[in-house]
Amino acid sequence: MVATVTQKLLDGHASGLQFLGMQLQRADALHHPRRARTLLLDYEKATPDIANANLIAPNGQVIASAAVPAGKPLPDFRNTPAIWRGFHKVLQTHGMRVHHPLRDPRVGDHWVIRLSRTLFSLAGKPLFVVATPLRFKVIESFLRHLPLRTKTAVGLIRSDFYIEGRWPVPQGNLSKLLAHPVPAEGALRKALQRAPHARQGSYAGFVAVGQTYRFGAFTRLSHYPLTAFVSVPRTQWLIAWWRRQIQYPLVFLLIILGSGLAAYRRILLLDGRRELQRQDFEQTLTRQATHDVLTGLPNRDGLRMVFDRALARTQRQERLLAVGFLDLDTFKPVNDTYGHDAGDELLKEVARRLLNAVRGTDTVARLGGDEFVLLLEGLRGMDELDQVLTRLQAAIEQPFSIKGAMVNIQASMGLTIYPFDEGDADALLRHADQAMYAAKARSGPTREDWARLYRLDLGSLALGDETLRQDFLRALISGAVSLRYQPLVALTTGLVAGLEALTRWNREDQEVSPEHFLPSLGVLECQALGRFVLQTGLRQLAQWREMGLDLFLSINVTPEELDSPGFADSVFDILAAYPGIPPESLVLEVLEIGEILEQEVALEHLQRLRGAGVKIALDDMGSAYASLLRLKNLPIDEIKIDQGFIRELSNKPQDLIFVENLINLGLGMNVIIAVEGVETEAHIALLREMEVDYLQGYAIARPLEAEAVADFVCTFVLGAGDTDTPLLALYQHLEWVHGAEELAMYHAGYENTELAACPITTWLHAHASELPGVETLLAEHETVHALVQEILQVRQSGTREELRRLLGQLRVHSHQFHEWLGQAVKTMRNIAATKALPPQGTNQ
């Protein structure tokens with residue numbers, strides 16, 4: 001039991017440290033200490049068992065610490081020889097390292113065990129060390145409350161024979177917790193040294209503590225330098241041996257002779273009861289560790305056990321998972337007025353009502369205080385979520401009976417929806433918590449806004465801000481809201497073919513883009529904004545067309561506008577005021593949010609507008625939770641690939657396959673393909689190779705004021721772009737691999753390319769001096785080419801099973817090569833950026 005509990009605890013922290021290290025590596029933490037400290041603080045908050053979290057560079061300098069206030073000096077291990085010597089061993093350790101337990105007065109004088117994990121580069125060099133001291137109170141409490149017989153000892157011992165355990169006091173029957181090194185002559189230490197590789201074993205002899213002769217057994221933990229042990233004095237062992245070997249068999253024989261079958265059945269019954277008691281005790285221990293004592297709901301540890309399974313079921317079933325963070329607004333006044341006992345009764349009643357309000361497949365957990373977490377699984381759409389929220393609201397609004405008085409309470413809840421919010425369990429909880437605080441910030445305890453949905457801008461702007469809504473309407477009237485126009489370039493001609501109208505709000509002498517205010521607008525404000533953009537944009541387009549500029553205009557449409565009964569008629573009325581603009585020159589960009597595009601009103605609007613010649617574009621393709629069946633049935637003429645897929649390609653070329661799949665999807669739907677986020681010359685060179693129609697992004701132009709559009713359109717010609725990038729070479733390599741796969745499966749035409757002639761080979765050799773681990777990349781790339789050659793041979797004379805096996809290997813190695821290339825390119829660019837920085841102390 002001690003080994004199992006300790007193993008689970010350390011496995012959890014090993015996974016946590018690995019995840020934290022990956023987050024720090026992605027954030028480039030060594031070069032961004034503030035960002036690193038934020039991640040460490042978030043990890044410390046989410047993991048209450050740890051006392052601190054530190055990020056340490058390989059040279060021994062602490063880069064960030066959750067315990068040291070911002071701006072204060074951080075320790076340097078090189079100044080402490082004892083730590084510096086041990087730190088070298090840490091840098092050579094793969095996996096989690098468990099250090100000596102220490103008693104730390106900063107954490108309530110509890111024992112702590114320092115845990116550390118080293119992250120390594122592709123070349124095998126240590127990048128940095130993540131270290132956290134783990135409070136030992138969980139194991140300490142477990143050892144203290146074990147129902148042991150008198151003088152029984154139990155505990156843990158490290159591979160360097162440092163012991164932590166519960167040991168009997170020689171003078172009495174009480175026990176104490178201790179931690180110290182075991183002397184060389186101890187029987188336990190000798191037994192462990194005799195069998196260094198044994199998983200389990202036993203020992204007998206004089207032990208280190210108390211110098212008494214004891215019998216015992218031990219079990220080693222997997223992956224960690226710890227061994228669980230238990231021992232009893234020789235006298236108790238002899239008594240137990242007498243009872244087991246002599247007394248019990250003798251009594252058993254007498255019972256058999258004297259009472260026969262009835263006595264035998266009685267013994268079996270007693271033995272069964274003892275086994276049931278043991279099982280009940282184990283279940284009680286597990287439940288106490290994973291459930292809240294007051295309400296019986298899962299606690300934080302219990303929630304972690306069910307959260308990952310809920311995420312896996314959501315992915316498998318292709319449904320939605322709503323994560324809710326609920327907090328009682330008026331719990332403290334109840335505690336202050338009626339006492340803590342009444343507060344506890346209130347929390348139990350709230351837990352009961354929450355369980356009755358949710359469905360049988362949902363989970364309700366209590367994190368502590370008046371904070372509850374809800375996992376609402378298997379949702380088919382937002383309407384099912386609305387039904388559950390209605391029941392929850394009704395349950396909380398019912399008065400509570402507290403010491404004879406009827407008390408009304410309010411609650412605030414934040415929600416985030418997976419997979420719209422693509423995060424792990426910790427990130428989803430953090431986002432739901434942020435949305436909950438936005439709900440608390442509402443102006444009054446109204447029924448309509450007690451629950452808020454997470455948005456990226458919750459940290460800077462609360463949803464439903466009435467002041468902001470009124471300011472926005474006044475800004476529309478006063479002219480503080482204006483339009484900018486971002487060009488779309490046709491790849492076939494290299495010239496500007498159209499413009500996207502983008503809203504800007506000049507608020508408090510700052511230009512605010514729509515993502516910072518649009519989520520807070522209501523239906524009326526969104527409809528007013530839509531009419532303003534359409535009228536202003538078409539009036540400007542008419543002026544450009546009079547100047548001889550044949551352009552189209554793209555305008556974004558909000559879900560609130562699509563849900564309005566008169567939307568299509570409003571568009572037709574505004575278009576009729578500009579007879580010189582054909583309907584084909586207007587493109588309406590719609591977002592696939594929730595179920596809006598499946599609603600009858602929205603579909604009718606789109607079909608009427610498209611039937612009149614207005615083009616419909618699906619904006620931010622790839623960012624929403626789209627289904628192929630829905631896309632197939634939508635009346636659209638164009639898709640715009642989300643800029644998030646394009647912007648990071650220079651640092652993450654391995655994501656190129658996702659962009660390629662999105663473009664192939666558009667080609668299969670026979671629609672126009674526009675790509676947003678074109679911000680570098682490398683993007684231009686890559687997209688020239690792909691069959692896309694329009695490019696849009698900062699590499700062409702930032703959003704322009706209306707006065708600057710005509711000159712730009714008349715003078716701009718798209719360049720060739722930067723062809724000396726891994727993007728273009730990798731895309732040509734991918735096309736070659738796809739050709740081999742098509743040949744194997746469909747007898748398609750195929751042009752063989754030798755390894756030396758592959759574009760990615762040329763690029764890798766050209767940049768070999770800058771790329772870390774280039775030998776590994778070249779070897780993996782050579783493996784891909786070798787597999788293709790083998791596929792060509794097997795296609796002629798091999799079996800179908802061999803062909804399938806080789807195609808599977810080709811996909812695995814090709815994916816591995818893409819991932820390694822992406823990591824190497826990112827490292828190369830970071831090194832180049834660091835070298836480009838001016839030396840410290842120089843004037844700019």
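This structure is a prediction, so every number in the text was calculated from the model and none was measured. Every chain is numbered on its own, with residues counted from 1 as its sequence reads. Per-residue local features are limited, in this predicted model, to residues with pLDDT of at least 70; the limit for side-chain atom pairs, both in listing and counting, is 80 or more; totals at the level of whole chains, interfaces and linings are taken over all residues. Values shown for side chains rest on all heavy atoms present in the structure; no hydrogens or waters enter the calculation.

K.L.:
Which parts of the structure should I look at to understand the overall build of the protein?
P.N.:
Helix numbering and strand numbering both begin at the N terminus, where a helix is a DSSP run of H or I of at least 4 residues and a strand a DSSP run of E of at least 2. A count of helical and extended segments in the protein gives 26 helices and 27 strands. For the protein, contacts bridging at least 24 residues in sequence account for 62% of all contacts bridging at least 6. In this description, accessible areas are obtained by the Shrake-Rupley approach with a 1.4 Å probe, and a residue is regarded as covered only by the protein chains that are shown. Working note: accessible area of the protein is about 43200 Å², and carbon and sulfur atoms make up 53% of it. For this analysis, residues touch if any pair of their heavy atoms sits within 4.5 Å.

K.L.:
Got a minute to help me understand the pairing of strand E23 (residues 586–591) in this structure?
P.N.:
In summary, the side chains of a regular strand alternate between the two faces of the sheet. Within E23, five of the six residues are buried, which leaves the element mostly enclosed by the surrounding structure. Two strands form a pair only when DSSP identifies at least two bridges running between them. In this structure, strand E22 (residues 552–557) lies alongside E23, joined through five bridges in parallel fashion. Counterpart to Ile555 in the pairing with E23 is Leu588. Using a 1.4 Å probe on the protein chains alone, a residue whose accessible area is under 20% of its type maximum counts as buried, one over 50% counts as exposed, and one in between counts as partly exposed.

K.L.:
Looking at this structure, how should I read the sheet that holds strand E13 (residues 363–368)?
P.N.:
Strand-to-strand pairing in sheets goes through backbone hydrogen bonds, with the strands running parallel or antiparallel. Sheet architecture is open: five strands sit in the order E13-E14-E12-E17-E18, paired in mixed fashion. Since the sheet does not close on itself, it has two edges, and those belong to E13 and strand E18 (451–453), each with one partner. Shown here is a sheet whose adjacent strand axes are inclined to one another by a mean of 20°, direction ignored. Sheet topology places E13 next to strand E14 (residues 371–379); five bridges connect them, and they run antiparallel. Across the sheet, residue Val364 finds its bridge partner in E14, namely Leu374. Axis geometry follows a simple rule: fit a line to the C-alpha atoms, using only the stretch in contact for helices, then measure angles between N-to-C directions, giving values from 0 to 180 degrees. Each of strand E12 (320–328), E14, strand E17 (411–418) and E18 is contacted by helix H12 (residues 425–440), which is oriented at about 140° to E17, the strand it contacts most.

K.L.:
Help me understand the packing of helix H9 (residues 331–338) against helix H10 (residues 340–357), please; the structure alone is not making it clear to me.
P.N.:
Remark: H9 packs on H10, axes separated minimally by 6 Å, with the N-to-C direction vectors making an angle of 140°. Considering the angle they form, H9 stands oblique to H10. For the pair H9 and H10, the contacting residues are Phe331, Val334, Asn335 and Tyr338 in the first and His340, Ala342, Gly343, Leu346 and Leu347 in the second. Three categories are distinguished: nonpolar for Ala, Val, Leu, Ile, Met, Phe, Trp, Tyr, Cys and Pro, charged for Asp, Glu, Lys and Arg, and polar for the others, with Gly belonging to the last. Class assignment for the residues of the contact of H9 with H10 results in six nonpolar, three polar and no charged. Here is the rule for angles: anything less than 35 degrees is roughly parallel, anything more than 145 is roughly antiparallel, 65 through 115 is roughly perpendicular, and the remaining ranges are oblique.

K.L.:
Please clarify how the environment of Asp426 should be interpreted in this entry.
P.N.:
The residue Asp426 is located in helix H12 in this model. On the accessibility criterion, Asp426 (35% relative accessible area) is partly exposed.

K.L.:
Looking at this structure, I do not really get the side chain of Lys640. What am I missing?
P.N.:
Position of Lys640 among the secondary structure elements: in strand E25 (residues 638–641). Any N or O atom pair separated by 3.5 Å or less is treated as a polar contact, with the protein-specific requirement of one donor-capable and one acceptor-capable atom, and with residues adjacent in sequence counted only for side-chain atom pairs. Reaching out from Lys640, the side chain makes a polar contact with the side chain of Glu500 at a distance of 3.0 Å.

K.L.:
Please clarify how the pairing of strand E10 (residues 213–220) should be interpreted in this entry.
P.N.:
Of the pairings in the sheet, the one linking strand E9 (residues 200–206) to E10 comprises seven bridges and is antiparallel in character. Residue pairing across strands places Ser202 opposite Ala217, the latter belonging to E10. Pairing analysis gives seven bridges linking E10 to strand E11 (residues 226–233), with the strands arranged antiparallel. Residue pairing for E11: Phe215 is matched across the bridge by Val232. Counting the residues in the hairpin turn of E10 and E11 gives five residues, including His223, whose phi is positive at 75°.

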